[in-house]
Amino acid sequence: QVQLVESGGGLVQAGESLRLSCAASGRISGINAMGWYRQAPGKQRELVAVFTSGPRTIYGDSVKGRFTISRDNAKNTVYLEMNMLKPEDTAVYYCTANLLSGDYWGQGTQVTVSS
């Protein structure tokens, strides 16, 4: 089994920054992709940023230029540096990993940006 544990969410004001972390543990092998999605109230889950096995890094259009995804392969951890946050970035942020054994999701971490 694989576990993904997110941390780093919170309440900030518009223009501020936050850094999210996602640590993967368990039987990890053959990581095809790993990254972040988010879901705001009443909206569908959307891509934020993800590493793929291309290797490629893909960002959602709404976060390009403001968010940066990075990773520490030795720690099986991905990070999401979020700068210039906007109220519309308010959502639950989910870490996800696509492994040879299947797709996995974390429990989510709330990010709230006040205006």
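Scroll up to find the structure.
Description of the structure in this document. These numbers come from a predicted model, not from an experiment. (Residues numbered from 1 in each chain as written. Predicted model: local features only at pLDDT ≥ 70, side-chain atom pairs only at ≥ 80, totals over all residues. Heavy atoms only, no water.)

## Points about the packing of aromatic side chains
- Applying the stated criterion across every chain, the model contains 2 aromatic pairs.
- Ring geometry for Y37 against W105: centres 5.5 Å apart, planes inclined by 65 degrees, an arrangement best described as edge-to-face. Separated by 68 residues along the polypeptide, Y37 in strand 4 (residues 31-39) and W105 in strand 10 (residues 102-105) bring together distant segments of the chain.
- Residue class for W105 comes out partly exposed when judged on its relative accessible area of 40%.
- Plain terms: the ring middles of Y94 and W105 are 6.5 Å apart, the flat faces sit at 80 degrees to each other, and that makes the pair edge-to-face. Here Y94, found in strand 9 (residues 91-99), pairs with W105, found in strand 10; they are 11 residues apart in sequence, far enough to count as distant.
- Since its relative accessible area comes to 15%, Y94 is described here as buried. (Phe/Tyr/Trp six-rings, centres within 6.5 Å; stacked < 30°, edge-to-face > 60°. Helix = DSSP H or I, 4+ residues; strand = E, 2+ residues; numbered from the N terminus. Buried < 20%, exposed > 50% of the residue type's maximum accessible area, 1.4 Å probe, protein only.)

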